[in-house]
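Overview (structure and organization)
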Amino acid sequence: MNPGILYAALAYVAWGLFPLYFKQVADVPSLEVVMHRTLWSLVFVLVVLLVRRQWVWMGTVLHQPRVLAAFALSAVLLSGNWLTYVWAVQNQHVVDASLGYFILPLVNVALGFVFLHERPRAGQWLAVAVAAAGVLWLTVQAGRLPWIALVLASSFGFYGLLRKVASLGALEGLALETMMLAPLAAVVLGWWAWQGQGAMVQGDGATLGWLLVAGPLTAVPLLLFAAGARLIPMSTLGILQYISPSLQFALGVWVFHEVFDPARLVGFVLIWAALCVYSAEGWWSAHRAEAASL
């Protein structure tokens, strides 16, 4: 087996199991969880950079204001995505969160069309249309937009768009983003601790331990994903990415026993059908391109 498949699959499995982790810190407010995640992710990434002696890029980036501005925006999008996701898990909306990552590939198609002037194929547009019908059904059925799913999909979609055109790799990019966010997180956490508030002074040892491991839990799947993405075709990567929301959906329904109205199933079925069309079309196009090159 291509090791890239294993690396990417492990990354998506880790992301799919994230709700289990965030349930362990359910007593800590979601904003505080995100601040700890940012701070300890930076510590872990800096250790990795130190071991790999991967520092040259910092001097170059510091003299590129446009790159810094782009990563400042991506850092804001990433933190917003994290905050929404943690809040959703802590408030019994894991199924809604999984929906966001089910529709993410189709959001990426639309963003590529609008901002990168990509020309989606007819099958891709069909998949987007079917998914849009699923979102519309969920909106009508619930009487409101599925805002958690839309915020997660749009924030990570725009984040991915910025990272696609960025000049830094996955590890360096995460380091720069957390460098920008960590000072604010450290100040706020320090202030809360000074006031006798927050998990750092009120939490037990187990809670503090879970918060500390947020660093490697954030960075390791990202590194696995980056390693896998270099070794396998995008079509394979596109199919593997459904591992994550599928695990989240299963956890929400069968482990956390979230309420799942059967009427909502119609919307999910439409979105799953859209993903099947999207994946089949991608595989068929890749197969034709490979056959044409022979």
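In short, a report on the structure. Please read all numbers here as calculations on a predicted model, not as lab measurements. (Residues numbered from 1 in each chain as written. Predicted model: local features only at pLDDT ≥ 70, side-chain atom pairs only at ≥ 80, totals over all residues. Heavy atoms only, no water.)

**A look at unusual backbone geometry**
You will see that Q92, though not glycine, has its phi angle at about 60 degrees, which is positive. Examined against the element boundaries, Q92 turns out to sit in the loop between α5 (65-90) and α6 (94-115). A positive phi angle, close to 55 degrees, is found at H257, a residue other than glycine. Positionally, H257 belongs in the loop between α14 (243-255) and α15 (262-293). Residue classification places H257 among the exposed residues on the basis of a relative accessible area of 61%. (Helix = DSSP H or I, 4+ residues; strand = E, 2+ residues; numbered from the N terminus. Buried < 20%, exposed > 50% of the residue type's maximum accessible area, 1.4 Å probe, protein only.)

**A short note on α5**
Relative to the 38 Å expected for 26 residues at 1.5 Å per residue, α5 spans 37 Å between its end C-alpha atoms, a close match to the ideal helical length. In the segment just after α5, Q92 is the residue with positive phi, at about 60 degrees. (Expected span 1.5 Å × (residues − 1).)

**Re the nonpolar core**
One finds F22, V33, V45, L49, W57 and Y85 to be the most contacted residues of the largest nonpolar core, which totals 38 residues. Among the elements of the structure, α2 (18-24), α3 (30-52), α4 (56-61), α5, α6, α8 (147-164), α9 (170-194) and α12 (214-229) are those that each provide at least two residues to this core. Looking at which element gives the most residues to this core, the answer is α5, with eight residues. In this structure, V128, A131, A149 and F249 belong to the second largest nonpolar core, which totals 22 residues. (Core = buried A, V, L, I, M, F, W, Y, C linked by side-chain atoms within 4.5 Å.)

**Remarks on the packing of aromatic side chains**
The geometry of an aromatic ring pair comes down to the distance between the two centres and the angle between the two planes. One pass over the structure, following the stated rule, counts 20 aromatic pairs. With a centroid separation of 6.3 Å and 70 degrees between ring planes, the pair formed by Y101 and F156 is classed as edge-to-face. Taken as a pair, Y101 in helix α6 and F156 in helix α8 lie far apart in primary sequence, 55 residues in all. Residue Y101 is classed as buried on the basis of its relative accessible area, which comes to 16%. A residue is classified by how much of its surface remains accessible, and F156, at 31% relative accessible area, is partly exposed. Taking 6.0 Å as the distance between ring centres and 75 degrees as the angle between the ring planes, the aromatic pair formed by F102 and W272 counts as edge-to-face. Of this pair, F102 sits in helix α6 while W272 sits in helix α15; the two residues are 170 residues apart in sequence, bridging distant segments of the chain. (Phe/Tyr/Trp six-rings, centres within 6.5 Å; stacked < 30°, edge-to-face > 60°.)

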